[in-house]
Amino acid sequence: MLGDHCSLPEDQALPSQSPQTGLCCKMVLQAVSKMLRKSKAKPNGKKPAAEERKAYLEPEHTKARITDFQFKELVVLPREIDLNEWLASNSAQGPGGPLPCCPLLLEAPPEGGPPQLCSAAPGSTTFFHHINLQYSTVSEFCTGETCQTMAVCNTQYYWYDERGKKVKCTAPQYVDFVMSSVQKLVTDEDVFPTKYGREFPSSFESLVRKICRHLFHVLAHIYWAHFKETLALELHGHLNTLYVHFILFAREFNLLDPKETAIMDDLTEVLCSGAGGVHSGGSGDGASSGGPGAQNHVKER
């Protein structure tokens, strides 16, 4: 009969699955699941930005300042001051004497009068100097092991050498490249002239924009990767004040592309909302990480 032809002999029947085989399958499934979870993490082992708690956005931390002065009034170009000199004195400082100082530090105002700008030593009040100084406070925590890439949120920055070659480097290497390149520029008399009669090059504003872009990367990395250490050192008030002043100055003279700074728009909105009305201007592409659905994707710059 048909049933007799289709049935297997008793000695050829399919063996039932043993408990050991079922255990092996379960272990394989668990291993695959673990690998899939790891693939959703960032390359440096941290959780995606959507899952990362941003301590620097906590209200008790964003309120910290070293001064309550309205920085919007400090970044405006003073009358009868050349624009290039103002950009040079704020972004960096040339050799051979002081340029007009960047008013980050304030002296006690006369009774009933406005705050007075502090005339400091050459280069002591530039964004380059202050950001370099701020980073130095956490540099011992920023190593090739702790910061294997120059990462901010879901973005990794790469350095481009003088030939335009893309260089992948650790965060401390990137910061060193930034500070060394800026130092090289500001000590170049052809770029930052200090002698009477010398003129700034026609490409000066584009060079200042490049400097500000790199300095922004350093500031953003401090917030993203080393705010915990900055908080422990009780220097978050200095960091917030520096960030507000830097962002307002850059926005005043269009020195930073909104797409570049969009990655920190949440912080900018909180810190600068009462310091000059800075609003976020990111469009969601490039270095932007604000759009939903893009948090788990690592971008490269």
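The following paragraphs examine the structure supplied in this document. (Residues numbered from 1 in each chain as written. Predicted model: local features only at pLDDT ≥ 70, side-chain atom pairs only at ≥ 80, totals over all residues. Heavy atoms only, no water.)

### Things to note about the packing of helix α7 (residues 171-186) against helix α8 (residues 204-232)
Okay, so step 1: Where α7 contacts α8, the axes come no closer than 10 Å and their chain directions differ by 150°. Once α7 is placed against α8, the crossing between them reads as left-handed. Taken together, the residues of α8 that come into contact with α7 (itself represented by Ala-171, Tyr-174, Val-175, Val-178, Met-179, Val-182 and Leu-185) are Ile-211, His-214, Leu-215, His-217, Val-218 and His-221.
Okay, so step 2: Here the contact of α7 with α8 is built from residues that sort into 10 nonpolar, three polar and no charged. (Axes fitted to C-alpha atoms, helices over the stretch in contact; angles between N-to-C directions. Helix = DSSP H or I, 4+ residues; strand = E, 2+ residues; numbered from the N terminus. Left-handed = near helix turned anticlockwise from the far one by under 90°. Contact = heavy atoms within 4.5 Å. Nonpolar A, V, L, I, M, F, W, Y, C, P; charged D, E, K, R; others polar.)

### A look at the environment of Tyr-160
Okay, so step 1: Tracing the backbone shows Tyr-160 in strand β5 (residues 159-160).
Okay, so step 2: Since its relative accessible area comes to 42%, Tyr-160 is described here as partly exposed. (Buried < 20%, exposed > 50% of the residue type's maximum accessible area, 1.4 Å probe, protein only.)

### Focus on helix α6 (residues 127-136)
Okay, so step 1: Taken as a whole, α6 has its buried residues at Phe-127, Phe-128, His-130, Ile-131, Gln-134 and Tyr-135.
Okay, so step 2: Considering only its buried residues, α6 is in contact with α5 (83-91), α7, α8 and α9 (236-252).

### Overview of the nonpolar core
Okay, so step 1: Judged by nonpolar contacts, the single largest core of 62 residues is most densely connected at Leu-215, Phe-216, Tyr-223, Tyr-243, Phe-246 and Met-264.
Okay, so step 2: For this core, the elements supplying multiple residues, two or more each, are α4 (72-75), α5, α6, β3 (150-152), α7, α8, α9 and α11 (265-272).
Okay, so step 3: Here the element with the most residues in this core is α8; it accounts for 14 residues.
Okay, so step 4: Once you skip the residues sitting within four places of it in the chain, Tyr-223 turns out to touch Tyr-56, Leu-239, Asn-240, Tyr-243, Met-264, Leu-267 and Leu-271. (Core = buried A, V, L, I, M, F, W, Y, C linked by side-chain atoms within 4.5 Å.)

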